[in-house]
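A look at the structure
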Amino acid sequence: MSSKTVTVTDPASGNTAELPVVEGTVGNNAIDVRTLAKQSGYFTYDPGFAATASCSSAITYIDGEQGILLHRGYPIEQLASKSSYLEVCYLLLNGELPNSTESDDFENIIKNHTMVHENIGRFMQGFRYDAHPMAMLSATVAALASFYHDSIDINDPEHRQITAHRLIAKMPTLASYCYKHYRGQPFVYPRNNLSYTENFLHLMFAVPAEEYSPSPAAIRAMETLLILHADHEQNASTSTVRLAGSSGANPFASIAAGIACLWGPAHGGANEAVMNMLDDIMETGETIESTIARAKDKNDPFRLMGFGHRVYKNYDPRATCIQGVCHDLLDELGGDQPLFQLARELEEAVLADDYFKERKLFPNVDFYSGIILRALNIPMNMFTAMFAMARTVGWIAHWQEMHTDPHFRIGRPQQIYTGPTRRDYPGA
Ligand code: SDX
């Protein structure tokens with residue numbers, strides 16, 4: 001909290017409210033409005049919270065105008081090219097990069113939690129064969145709470161830590177179970193001699209009938225996708241996890257709420273929506289020009305999936321990283337070159353169009369990720385589950401940070417009421 005204050009004056013009554021200024025290490029400062037209503041009788045009004053800081057956080061910082069994304073101060077471009085997903089997990093959870101001993105210990109801890117109770121597998125087999133993976137994942141993560149009665153005391157730091165480890169370790173197993181259920185193939189057990197990402201690809205694509213060994217290019221592409229999706233400040237799903245957790249809900253229930261929110265096409269579901277959009281253009285022969293015209297037509301609910309962002313009013317730095325990975329992967333593994341070419345032509349046309357330039361609508365993280373996932377033979381209905389798997393560490397890092405925040409309290413926004421005033425029931 002700084003010593004600075006801001007004075008708000010109500011011209012109707014002449015009353016003033018003096019409000020403290022909250023300063024961070026970088027980025028916008030904020031006006032602490034917690035006493036505004038008491039001093040002035042006014043609430044603040046901010047649908048979608050686009051101008052509201054819901055908390056203070058030291059985990060991730062985004063500068064939307066400059067297209068900057070930092071995790072505990074480290075630029076995403078450097079982490080994507082030099083780090084590993086588990087090292088980024090350690091960084092997000094602990095605030096510092098691990099030394100070699102800490103890194104080995106963390107990797108071993110995660111490896112020792114990759115299996116799930118056999119009953120979880122039986123639970124997942126109860127879904128229809130064509131159940132959407134996000135329906136299965138959100139339900140199953142919530143159900144994990146029923147297996148860990150010994151460690152869901154949210155006030156116990158050790159319980160919070162082991163739950164973080166369990167969730168990071170088990171998400172690849174659970175995500176792969178969703179895929180195997182859908183394919184009608186047997187669930188594959190984790191292999192502790194493999195790296196986190198290689199183990200995930202093994203869980204997804206190994207079959208009892210033959211050996212499976214993913215290419216180094218596929219492992220690196222998947223690792224980069226996981227790093228790029230690990231955390232992103234107070235996005236809709238992270239804010240959902242914080243709000244759910246603020247009631248004291250156990251971490252499994254809180255993360256399940258985040259998974260449900262991420263499913264939406266305006267958020268985590270966009271990578272699936274991007275591929276549907278590109279496939280439609282390819283299959284219908286619709287031109288890029290007519291697609292862009294639809295996206296600009298206010299009478300048409302269609303929006304260009306993969307473009308625009310609540311915060312980035314410049315390039316999403318993750319989109320730049322992903323475009324490079326996409327290019328290298330398709331060169332090495334092959335894959336849908338025409339679709340990648342279409343994506344690049346669409347991006348070029350959008351960036352040249354005044355409507356999008358004026359609104360600073362650039363490609364976001366989801367625009368190219370679907371092409372990479374398809375090149376890795378991951379089916380479209382699994383795309384958002386991949387996002388959820390990667391973002392679990394961000395969600396749990398924010399959930400943990402909230403529980404150690406001295407300003408922590410249950411979330412309970414106000415409203416501007418526009419309904420009828422008091423009226424009597426007929427005959428009352
Ligand atoms: C993610 O928050 C995060 O950090 C999210 C995320 C993360 O890592 O957690 O980065 C992941 O969710 C990325 C975003 C993925 N979603 C999409 O790609 C879906 C398409 N994008 C849009 O739905 C939209 O851009 C949002 C939801 C991402 C942002 O919505 P906003 O901030 O509410 O944008 P807006 O409605 O204020 O847009 C301003 C203008 C509007 O037009 P006008 O009223 O000014 O005339 O831009 C238009 C919008 O109609 N617009 C678009 C558009 N996005 C915004 N027009 C066409 N196509 C689009 N994609």
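Above this text is the structure in question.
Rules used in this analysis
- Residues numbered from 1 in each chain as written.
- Predicted model: local features only at pLDDT ≥ 70, side-chain atom pairs only at ≥ 80, totals over all residues.
- Heavy atoms only, no water.
- Helix = DSSP H or I, 4+ residues; strand = E, 2+ residues; numbered from the N terminus.
- Buried < 20%, exposed > 50% of the residue type's maximum accessible area, 1.4 Å probe, protein only.
- Contact = heavy atoms within 4.5 Å.
- Areas by Shrake-Rupley, 256 points an atom, 1.4 Å probe, with all protein chains shown as cover.
- Pairing = 2+ DSSP bridges.
- Near = heavy atom within 4 Å.
- Polar contact = N/O pair within 3.5 Å; in protein donor to acceptor, adjacent residues only side chain to side chain.
- Nonpolar A, V, L, I, M, F, W, Y, C, P; charged D, E, K, R; others polar.
- Patch = residues over 30% accessible without salt bridge, like charges linked within 9 Å, V, L, I, M, F, W, Y side chains within 5 Å.
- Salt bridge = Lys/Arg side-chain N within 4 Å of Asp/Glu carboxyl O.
- Phe/Tyr/Trp six-rings, centres within 6.5 Å; stacked < 30°, edge-to-face > 60°.

**Some points on the overall build of the chain**
- Of the regular secondary structure elements, the chain holds 18 helices and 6 strands.
- Counting only residues that meet the buried cut, the chain has 48% of its 428 residues in that class.
- Intrachain contacts of the chain at a sequence separation of at least 6 include 70% that bridge at least 24 residues.
- A total of about 21,000 Å² of accessible surface is found on the chain, and carbon and sulfur atoms cover 52% of it.

**Some points on the sheet that holds strand E3 (residues 30-31)**
- Overall, antiparallel pairing links the 3 strands, which are arranged E1-E2-E3 in an open sheet. Single-partner strands in this sheet number two, and they are strand E1 (5-9) and E3.
- In this sheet, strand E2 (residues 16-22) lies alongside E1 in antiparallel orientation, the contact comprising 5 bridges. Bridged to Thr9 within E2 is Thr16.

**Description of the site of the ligand**
- The ligand sits among 25 residues. The nearest are His232, Lys298, His309, Arg318 and Arg391.
- At a separation of 2.9 Å, an oxygen atom of the ligand approaches a polar side-chain atom of Arg303.
- Here Asn364 contributes a side-chain N or O atom positioned 2.9 Å from an oxygen atom of the ligand.
- Calculation on the ligand without its partners gives an accessible area of 1,100 Å², and the protein chains cover 78% of this total.
- Breaking the shell around the ligand down by element, the ones donating at least two residues are helix H16 (354-358) and helix H18 (383-403).
- A breakdown of the residues in the shell around the ligand according to their chemical character gives 11 nonpolar, 7 polar and 7 charged.

**Re a nonpolar patch on the surface**
- A surface patch of nonpolar side chains, amounting to about 380 Å² of accessible area, comprises Phe43, Tyr45 and Ile416.
- Position of Phe43 relative to the elements: it lies in the loop between helix H1 (36-40) and strand E4 (60-63).
- Note on Phe43: relative accessible area 43%, which makes it partly exposed.

**Considering the packing of aromatic side chains**
- According to the stated counting rule, one finds 12 aromatic pairs in the structure shown.
- Here the aromatic rings of Tyr85 and Tyr196 are separated by 5.3 Å at their centres, their planes lie at 40°, and the arrangement is tilted. Here Tyr85 is found in helix H3 (residues 85-94), whereas its partner Tyr196 is found in helix H8 (residues 196-205), with 111 residues between them in sequence.
- On the accessibility criterion, Tyr85 (1% relative accessible area) is buried.
- Residue classification places Tyr196 among the buried positions, given a relative accessible area of 10%.
- Ring geometry for Phe367 versus Tyr368: centroids 4.9 Å apart, planes at 80°, classification edge-to-face.

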